[in-house]
2 protein chains.
Amino acid sequence: MVNINDIAKQAGVAKSTVSRYLNNGSVSEDTRRKIEKIIKETGYKPNAFARSLKAQKTNMLGVIIPRLNSASTNEVLQGIDETARKLGYQLIITNSDQNNEREFENLQTLAKQKVEGIIMFAREMTEDHINTVKSVETPVLFIGQKAEGIHSMVHQDYEAGTKIGKYALELGHRHFLYVGVPETDQAVGVERRQGFIDRVTAVTGTTIERVETDFSRTAAYTKGLTFLKETEATYIVCATDNIAVAVLKAANELNYSIPGDFSLSGFGGYEATAYVSPTITTVSYPYRQMGIEAVNKLRQLIEKEEVPLITDLQNNLVVNESTAPFK
Amino acid sequence: MVNINDIAKQAGVAKSTVSRYLNNGSVSEDTRRKIEKIIKETGYKPNAFARSLKAQKTNMLGVIIPRLNSASTNEVLQGIDETARKLGYQLIITNSDQNNEREFENLQTLAKQKVEGIIMFAREMTEDHINTVKSVETPVLFIGQKAEGIHSMVHQDYEAGTKIGKYALELGHRHFLYVGVPETDQAVGVERRQGFIDRVTAVTGTTIERVETDFSRTAAYTKGLTFLKETEATYIVCATDNIAVAVLKAANELNYSIPGDFSLSGFGGYEATAYVSPTITTVSYPYRQMGIEAVNKLRQLIEKEEVPLITDLQNNLVVNESTAPFK
DNA sequence: TTGTAAGCGTTATCAG
DNA sequence: CTGATAACGCTTACAA
């Protein structure tokens with residue numbers, strides 16, 4: 001591997017001169033040409049590690065995601081990627097496979113690699129999470145969940161829940177089935193649901209049945225095959241669009257009409273809700289925007305600027321074909 | 001930031017002893033305890049850069065993907081991630097935004113960072129691509145496209161095309177519409193299509209109309225709204241599952257029945273094809289497997305083992321509800 | 001403008 | 001088993 005010394009020697013100058021050429025470029029026209037020529041010939045590339053070692057800066061951002069096949073995550077990632085690029089950061093994306101241990105591991109690894117900041121897509125917030133984050137000196141920004149004393153960006157999940165609740169009530173529905181996810185996910189499993197429940201139970205004579213599933217389509221589909229036959233509800237609220245898509249498939253299978261027999265809605269605003277039929281009513285979240293703002297906020301954190309602990313982003317109801325007035 | 005020197009000083013030993021403890025651990029029970037204690041107290045983490053600088057090894061693999069929101073890419077990525085992890089590699093994933101310039105840029109950046117190998121998801125293979133790859137000394141493995149003298153993993157796209165052709169002919173169809181993508185993508189735009197065409201035109205009395213779109217759902221949907229009304233075909237072959245899903249939506253919109261009015265199929269085997277109705281006939285590609293084998297092959301390349309230039313992976317027809325016999 | 005030399009945090013070598 | 005010392009490739013005072 002050719003290094004700065006080789007270039008210096010071949011060009012007949014000191015390596016510091018080459019370095020200067022590489023960085024601020026303040027060298028004489030003559031040496032500039034000589035160096036340029038040699039670099040071209042040899043295909044020399046400065047070693048990024050040596051550079052980071054010296055400069056104590058890596059220009060890298062770490063991102064920890066729970067899984068690679070999540071539509072929402074990918075949209076946020078696009079925002080992150082785009083913004084990081086603009087700001088001159090290189091991204092290291094690591095996958096934790098929905099596993100707490102691996103989340104901690106990745107956090108440590110990234111810290112060791114001296115990334116300047118870390119964005120972590122949080123699924124849950126345990127004591128261990130909070131402690132690990134506090135133990136690394138790298139700034140960490142959580143996306144999706146909040147916790148005491150930790151910087152985070154979150155969606156207005158409670159409000160999203162109330163939006164669906166309000167809308168469903170206005171359609172005249174009174175009996176609901178809520179298809180939720182585990183409460184370990186505070187934002188999606190608890191707040192989103194609670195917003196819905198609070199809004200609906202504010203009206204007398206309403207009922208809410210509950211079913212719990214996970215984030216996968218297959219699980220929701222399988223459970224849907226059962227609960228659709230047993231429920232008394234006329235409106236089914238799914239905690240995510242993926243779940244809604246899966247329940248819709250189950251309903252089709254069982255020859256139920258949506259929205260004839262049941263109204264159905266999700267949360268998220270994934271592209272998929274627009275490519276099934278009927279198209280699914282949902283609450284659209286500003287995923288890409290979240291990525292953009294996350295990087296900006298992280299940059300401020302890195303530069304030790306003052307930033308609010310929690311930033312939350314608004315969402316909005318998107319009415320599609322899967323919901324209809326109660327009759 | 002606490003470093004190996006601090007630890008050494010506090011433990012009252014030489015930094016080389018600490019280093020030895022860190023690496024092969026061959027130190028006396030006594031010093032081991034002392035060092036362990038200090039490390040715990042200080043939360044010391046060895047600096048990965050200094051380490052890489054010295055060891056001339058980074059244990060990192062670079063991955064260049066064209067976009068973040070592709071279902072197939074993400075599946076391959078899962079295979080890559082899983083295998084890389086098993087082999088002790090750390091992943092750097094970079095996004096090129098379907099832009100050649102950025103592909104070259106990323107290639108350079110990764111090489112500079114001294115990743116040990118690079119996996120590149122190729123969209124097209126230009127002279128420039130080939131030259132850039134040959135100019136870096138880092139081993140590069142292409143996924144999805146092949147070229148003279150370049151290591152790559154590809155799907156049997158031509159064969160996939162013939163499989164659909166054979167199947168459609170067996171159903172009795174003779175008039176086809178092929179919804180393709182640009183020929184810059186040799187594998188998907190040319191070979192997949194050619195396999196289909198060759199198989200179908202082997203039978204006399206067949207016709208194939210052609211339409212071209214891109215990889216996005218929206219474009220395919222919009223075009224579908226038009227070509228569905230104009231075509232003479234009874235079977236529509238879409239170059240990807242995404243296109244098929246979008247065309248299905250357009251067909252629904254126009255009140256055509258699938259497979260009553262048109263049979264419809266895609267390529268890829270994405271999860272989405274199973275969550276629309278009717279479910280879509282497709283050719284399932286072993287994406288995850290491709291990721292796994294890619295990393296294994298790249299590792300061999302890195303270790304300078306002998307490997308075949310091109311590896312191709314089989315796929316298989318998955319018959320679903322969107323296709324029916326011609327009547 | 002250019003060169004010398006020190007140092008970034010590690011690991012490896014080689015005496016002791 | 002342990003410690004001094006020389007690298008690894010680069011940047012940056014400081015001096016010339």
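Everything that follows concerns the structure shown earlier in this document.
Residues numbered from 1 in each chain as written. Chains lettered and ligands numbered in written order. Predicted model: local features only at pLDDT ≥ 70, side-chain atom pairs only at ≥ 80, totals over all residues. Heavy atoms only, no water.

For the rest of this paragraph, the subject is unusual backbone geometry. The phi torsion of most residues other than glycine is negative, and most of the peptide bonds are trans. Residues and elements named next belong to chain A. In this model, Ser-277 is joined to Pro-278 through a cis peptide bond whose omega is 0 degrees. With respect to the helices and strands, the residue Pro-278 is situated in the loop between β9 (263–265) and β10 (282–284). The backbone of Asp-97 shows a phi angle near 55 degrees, a positive value even though the residue is not glycine. Structurally, Asp-97 is set in the loop between β2 (90–95) and α6 (100–112). (Helix = DSSP H or I, 4+ residues; strand = E, 2+ residues; numbered from the N terminus.)

Bringing the packing of helix α8 (residues 157–170) of chain A against helix α9 (residues 186–201) of chain A into the picture now. All names here are of chain A. Two elements in contact, α8 and α9, have axes separated by 7 Å at closest approach and are oriented at 35 degrees. In this structure, α8 crosses over α9, and the sense of that crossing is right-handed. Between α8, through Asp-157, Tyr-158, Gly-161, Thr-162, Ile-164, Gly-165, Lys-166 and Leu-169, and α9, the contact on the second element is made entirely by Ala-187, Glu-191, Arg-192, Gln-194, Gly-195, Phe-196, Asp-198, Arg-199 and Val-200. Split by residue class, the contact of α8 with α9 holds six nonpolar, five polar and six charged. (Axes fitted to C-alpha atoms, helices over the stretch in contact; angles between N-to-C directions. Left-handed = near helix turned anticlockwise from the far one by under 90°. Contact = heavy atoms within 4.5 Å. Nonpolar A, V, L, I, M, F, W, Y, C, P; charged D, E, K, R; others polar.)

Once that is clear, we can look at the sheet that holds strand β4 (residues 140–143) of chain A. Residue and element names in this part refer to chain A. Strand order in this open sheet of six strands is β2-β1-β3-β4-β5-β11, and the pairing throughout is parallel. Each edge of the open sheet carries a strand with a single partner, namely β2 and β11 (310–313). When the angles between neighbouring strand axes are averaged without regard to direction, this sheet yields 20 degrees. Taken together, the six bridges between strand β1 (residues 60–65) and β2 define a ladder with parallel strand orientation. Its bridge partner lying in β2, Gly-62 is registered against Ile-92. Contacting β1, β2, β3 (117–121) and β4, helix α5 (residues 71–86) runs over the sheet at an angle of about 180 degrees to β1. (Pairing = 2+ DSSP bridges.)

On to the interface of chain B and chain A, then. On the chain A side, the residues contacting the 47 residues of chain B number 47 residues. Together chain B and chain A conceal approximately 4500 Å² of surface at their shared face, both sides included; 57% is due to carbon and sulfur atoms. Looking at the side of chain B facing chain A, the largest losses of area belong to B:Phe49, B:Leu68 and B:Tyr275, adding up to 18% of the total buried there. Inspection of the region where chain B meets chain A yields five salt bridges. In this structure, A:Arg102 engages B:Asp81 in a salt bridge whose closest nitrogen and oxygen atoms are separated by 3.8 Å. For the interface between chain B and chain A, the tally reads 13 residue pairs in polar contact (both at pLDDT 80 or more). The set of elements that each furnish at least two residues to the side of chain B that touches chain A consists of α4 (48–55), α5 (71–86), β2 (90–95), α6 (100–112), α10 (217–230) and α11 (241–253) of chain B. Within the side of chain B that touches chain A, the residues separate by chemical class into 20 nonpolar, 16 polar and eleven charged. (Buried area = accessible area lost by both parts, 1.4 Å probe. Salt bridge = Lys/Arg side-chain N within 4 Å of Asp/Glu carboxyl O. Polar contact = N/O pair within 3.5 Å; in protein donor to acceptor, adjacent residues only side chain to side chain.)

Quick look at the relation of the copies chain B and chain A now. After a rotation of 180 degrees and a shift along the axis of 0.0 Å, chain B superposes on chain A with an RMSD of 0.1 Å. Given the turn and translation reported, the copies of this chain are related as if by a two-fold rotation axis. Comparing interface residues between copies, 100% of those in chain B also sit at the interface in chain A, which points to an isologous, same-surface contact. (Least-squares fit on C-alpha atoms with pLDDT ≥ 70 in both.)

The next subject is the sheet that holds strand β3 (residues 117–121) of chain B. Residue and element names in this part refer to chain B. Strand order across the open sheet formed by six strands is β2-β1-β3-β4-β5-β11, with parallel pairing between neighbours. Each having just a single partner strand, β2 and β11 (310–313) make up the two edges of the open sheet. Geometrically, the sheet is characterised by an average inter-axis angle of 20 degrees between neighbouring strands, direction not taken into account. In this sheet, strand β5 (residues 152–155) lies alongside strand β4 (residues 140–143) in parallel orientation, the contact comprising two bridges.

The next subject is the pattern of salt bridges. The full count for this structure, using the stated rule, is 31 salt bridges over all chains. Notably, a salt bridge pairs A:Arg102 with A:Asp97, separated by 3.7 Å at the nearest N-O pair. A relative accessible area of 10% places A:Arg102 in the buried class. We classify A:Asp97 as partly exposed; its relative accessible area is 45%. A salt bridge links B:Arg299 to B:Glu305; the shortest N-O distance between them is 3.7 Å. Where salt bridges share partners, they join A:Glu29, A:Asp30 and A:Arg33 into one cluster. (Buried < 20%, exposed > 50% of the residue type's maximum accessible area, 1.4 Å probe, protein only.)

Turning our attention to the environment of A:Gln56. Mapped onto the elements of the fold, A:Gln56 is located in the loop between α4 (48–55) and β1. For the pair A:Gln56 and A:Met153, spaced 97 residues apart in sequence, the C-alpha to C-alpha distance is 28 Å.

Bringing the protein's contact with DNA strand D into the picture now. Around DNA strand D, a shell composed of 25 residues is seen, among which A:Ile4, A:Lys15, A:Tyr44, A:Arg51 and B:Thr17 lie nearest. For DNA strand D, the fraction of atoms within 4 Å of the protein that belong to sugar or phosphate moieties is 61%. For DNA strand D, a phosphate oxygen lies 3.3 Å from a polar atom in the side chain of A:Asn3. Within the backbone of A:Asn47, a nitrogen or oxygen atom sits 2.9 Å from a phosphate oxygen of DNA strand D. If you list the elements that add at least two residues to the surface near DNA strand D, you get α2 (15–23) and α4 of chain A together with α2 (15–23) and α4 of chain B. The residue makeup of the surface near DNA strand D, split by class, is nine nonpolar, eleven polar and five charged. (Near = heavy atom within 4 Å.)

With that settled, consider the packing of helix α1 (residues 4–11) of chain B against helix α3 (residues 29–42) of chain B. A pair of packed helices is characterised by two quantities: the angle between their axes and the separation of those axes. All names here are of chain B. For the pair α1 and α3, the least separation of the axes is 9 Å and the interaxial angle reads 125 degrees. As the angle between them shows, α1 and α3 are arranged oblique. At the point where α1 passes α3, the crossing takes the right-handed sense. Within the contact between the two elements, α1 uses Ile-7, Gln-10 and Ala-11 and α3 uses Lys-34, Ile-35, Ile-38, Ile-39 and Thr-42. For the contact of α1 with α3, the residue count by class is five nonpolar, two polar and one charged. (Parallel < 35°, antiparallel > 145°, perpendicular 65-115°, else oblique.)

Around DNA strand C sit 26 residues in total, of which A:Ser16, A:Thr17, A:Ser28, B:Ile4 and B:Arg51 are the nearest. In DNA strand C, the atoms that sit within 4 Å of the protein are 58% sugar and phosphate, with bases accounting for the remainder. Measuring from a phosphate oxygen of DNA strand C, one finds a side-chain N or O atom of B:Asn23 at 3.3 Å. B:Arg51 has a polar side-chain atom sitting 2.7 Å from a phosphate oxygen of DNA strand C. Of all elements in the fold, only α2 and α4 of chain A together with α2 and α4 of chain B reach the threshold of two or more residues within the surface near DNA strand C. When grouped by side-chain class, the residues that make up the surface near DNA strand C number nine nonpolar, eleven polar and six charged.

Our next topic: the nonpolar core. Counting residues in hydrophobic clusters, the biggest one holds 138 residues, and the most contacted among them are A:Ile80, A:Ile143, B:Ile80 and B:Ile143. When near neighbours in sequence (up to four residues on either side) are disregarded, A:Ile143 contacts A:Val76, A:Ile80, A:Ile119, A:Met120, A:Phe121, A:Ala122, A:Met153, A:Met290 and A:Ala294. Grouped together as the second largest cluster of nonpolar side chains are 36 residues, A:Leu110, A:Val115, A:Ala122 and B:Val136 included. (Core = buried A, V, L, I, M, F, W, Y, C linked by side-chain atoms within 4.5 Å.)

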